[in-house]
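Topology and contacts: notes
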Amino acid sequence: MAMSIPKPPAALTANDRPLVLVVEDEPDLADALLGYLRHAGYRSAHAADGLAALRLFYADPPAVVLLDLMLPGLSGFEVLRTLRQSGSAGHKTPVLVLTARASEGDVLDGFAYGADDYVTKPFRPREVMARLRALLRRSQPPQTCLEGVAGLVLDPARHQAHLGGQVLELTKSEFELLASFLRAPGRVFRRQELLDARSDLDSDALERTVDAHIRNLRRKLGANHAIETVYGVGYRYGE
Ligand code: CA
């Protein structure tokens, strides 16, 4: 008889999470970044030197690269230059440079080589995550309207919501939570991911705030709210 293999929760297998390539040779720093990325719901890959970075990049092109400049062997500048060569798959991939070299010249060199943004070490992981989200947002194609069940329509460009043809008044946080759901119907979101999806980045909001927003959203959307609680994990929309 075939053994049934227990399936991990959907939140752990969802393939629609952005892949982040972390290029960092300091093990502690790399571990901290990878932990933060995992916690925020990103997929990640790690390279400890420049050549490994390029190999990983071309094997599975990431949505964004966190790139240390001072690397053994091939430097971060060289990695960046290679990625930016025309015709390369990395031609347009956002790159966030992590540098201990805080001098203005080095930062300008980074931009000259094609970096999109930089943070200087020592950095707060929260700041890195905020910059990363901003880069991902900027690299996304223009948004179109999102549709849910029972005539729910969100227009992210205008920040307007309609339910059954009627204007639906939502707070900024409620709007962004709902938009996250509508972009990935049926996907399970952990509370922390839903917090990270919000653009009011400085908020130290607790996961419990997500629960409060969800309560409000269900009330506003009515009986067909379609927001399902996934116990011990988070929430899911529709299906
Ligand atoms: Ca380094």
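For the structure itself, look to the data block above.
In what follows, the accompanying structure is described. In this text the structure is predicted, and so the values were computed from the model without any measurement. (Residues numbered from 1 in each chain as written. Predicted model: local features only at pLDDT ≥ 70, side-chain atom pairs only at ≥ 80, totals over all residues. Heavy atoms only, no water.)

**Some words on the environment of Leu-56**
As a reminder, the rule being used: Only DSSP runs of H or I covering at least 4 residues are called helices, and only runs of E covering at least 2 are called strands; the numbering of each starts at the N terminus. Burial classes follow relative accessibility: with a 1.4 Å probe on protein chains only, a residue under 20% of its type's maximum area counts as buried, one over 50% as exposed, and anything between as partly exposed. Contacts are assigned to residue pairs that have any heavy atoms within 4.5 Å of one another.
Position of Leu-56 relative to the elements: it lies in helix 3 (residues 50-59). Leu-56 sits in the partly exposed class, given a relative accessible area of 31%. When the C-alpha atoms of Leu-56 and Leu-21 are compared, they prove to be 8.0 Å apart, with 35 residues separating the residues in sequence. In this structure Leu-56 touches Leu-21, Ala-45, His-46 and Ala-47, once residues within four positions along its chain are discounted.

**Describing the sheet that holds strand 1 (residues 19-23)**
Note the following rule: For two strands to pair, DSSP has to find at least two bridges joining them. The convention used is that axes are lines fitted to C-alpha atoms, helices contributing only their stretch in contact, and that angles between N-to-C directions extend from 0 to 180 degrees.
Taken in spatial order, the five strands make up an open sheet running 2-1-3-4-5, and their pairing is parallel. Bordering the open sheet on either side are strand 2 (43-47) and strand 5 (117-120), each of which pairs with just one other strand. Between one strand and the next, the sheet's axes are offset by a mean angle of 20°, whatever the strand orientation. Where strand 1 meets strand 2, five bridges bridge the pair, whose relative direction is parallel. Bridged to Leu-19 within strand 2 is Arg-43. Packing against the sheet, helix 2 (residues 27-39) makes contact with strand 1, strand 2, strand 3 (64-68) and strand 4 (95-99), and its axis sits at approximately 165° to strand 2. Of the strands in this sheet, strand 3 and strand 4 are in contact with helix 4 (residues 76-83), which crosses strand 3 at around 150°.

**Some details on the pairing of strand 1**
Spelled out, the test is: Classification remark: right-handed applies to a crossover when, strands pointing away from the viewer, the course from the first strand over the helix to the second runs clockwise.
Burial analysis of strand 1 places five of its five residues in the buried class, which makes it a mostly covered element. The alternating pattern of strand 1 places Leu-19, Leu-21 and Val-23 on one face and Val-20 and Val-22 on the opposite face, and all of these are buried. Since strand 1 and strand 2 lie parallel, the crossover through helix 2 that links them has a hand, and here it is right-handed. Relative to strand 3, strand 1 runs parallel, the two sharing four bridges. Paired with Val-22 across the two strands is Leu-66, which belongs to strand 3.

**Looking at the packing of helix 3 against helix 4**
Put simply, the rule is: Note that the term roughly parallel is reserved for angles under 35 degrees, roughly antiparallel for angles over 145, roughly perpendicular for angles of 65 to 115, and oblique for everything else. For a crossing to be left-handed, the near helix must be turned anticlockwise from the far one by less than a right angle; the clockwise case is right-handed.
At a minimum axis separation of 9 Å, helix 3 and helix 4 run at an interaxial angle of 30°. When the axis of helix 3 is compared with that of helix 4, the two are roughly parallel. In the crossing of helix 3 with helix 4, the sense of the turn from one axis to the other is right-handed. Across the interface between the two elements, Gly-50, Leu-54, Phe-57 and Tyr-58 of helix 3 pack against Val-79, Thr-82 and Leu-83 of helix 4.

**A look at the sheet that holds strand 12 (residues 234-237)**
The strand order 10-12-11 describes an open sheet built from three strands, whose pairing is antiparallel. Each having just a single partner strand, strand 10 (188-190) and strand 11 (227-230) make up the two edges of the open sheet. Between one strand and the next, the sheet's axes are offset by a mean angle of 30°, whatever the strand orientation. Here strand 10 runs beside strand 12; their pairing, made up of three bridges, is antiparallel. Bridge pairing links Arg-190 to Gly-234 in strand 12. Across the sheet, helix 7 (residues 172-183) lies against strand 10, strand 11 and strand 12, angled at about 60° from strand 12, the strand it touches most.

**Overview of the coordination of the calcium ion**
Applicable threshold: Metal donors: N, O and S atoms at distances within 2.8 Å, or within 3.2 Å for Na, K and Ca, with water omitted from the atom set so that some sites may seem incomplete.
Of the protein atoms, only Asp-25 (OD), Asp-68 (OD) and Met-70 (O) coordinate the calcium ion, at distances of 2.1 to 2.3 Å. Written as a sequence motif, the donor residues of the calcium ion are D-x42-D-x1-M. On the basis of relative accessibility, which here comes to 2%, the residue Asp-68 falls in the buried class. By relative accessible area, Met-70 is classed as partly exposed at 49%.

**Some details on the environment of Thr-82**
Summarising the element assignment, Thr-82 is placed in helix 4. Assessed through its relative accessible area of 22%, Thr-82 is described here as partly exposed. Separated by 31 residues in the primary sequence, Thr-82 and Tyr-113 place their C-alpha atoms 9.4 Å from one another. Setting aside anything within four residues of it in sequence, one finds Thr-82 in contact with Leu-54, Tyr-58 and Ser-88.

**Looking at the packing of aromatic side chains**
Basically, it comes down to this: Classification of ring pairs uses Phe, Tyr and Trp, with its six-membered ring standing for Trp, and accepts pairs whose centres are within 6.5 Å; under 30 degrees between planes counts as stacked, over 60 as edge-to-face, and the remaining range as tilted. Comment: the charge-over-ring label is applied if NZ (Lys) or CZ (Arg) is within 6 Å of the ring centre and within 35 degrees of the ring normal.
Applying the stated criterion across every chain yields a total of three aromatic pairs. With centroids separated by 5.4 Å and ring planes inclined at 75°, the aromatic side chains of Phe-57 and Tyr-58 adopt a geometry described as edge-to-face. Relative accessible area serves as the criterion here: at 38%, Tyr-58 is assigned to the partly exposed category. Aromatic side chains Phe-181 and Tyr-237 sit 6.3 Å apart centroid to centroid with 20° between the ring planes, which places their arrangement in the stacked category. Of this pair, Phe-181 sits in helix 7 while Tyr-237 sits in strand 12, and the two are 56 residues apart along the sequence. Among the aromatic residues, ring-to-ring pairing joins Phe-181, Phe-189 and Tyr-237 into one connected group. Residue placement shows Arg-187 over the ring face of Phe-189; its charged tip is 4.1 Å from the ring centre.

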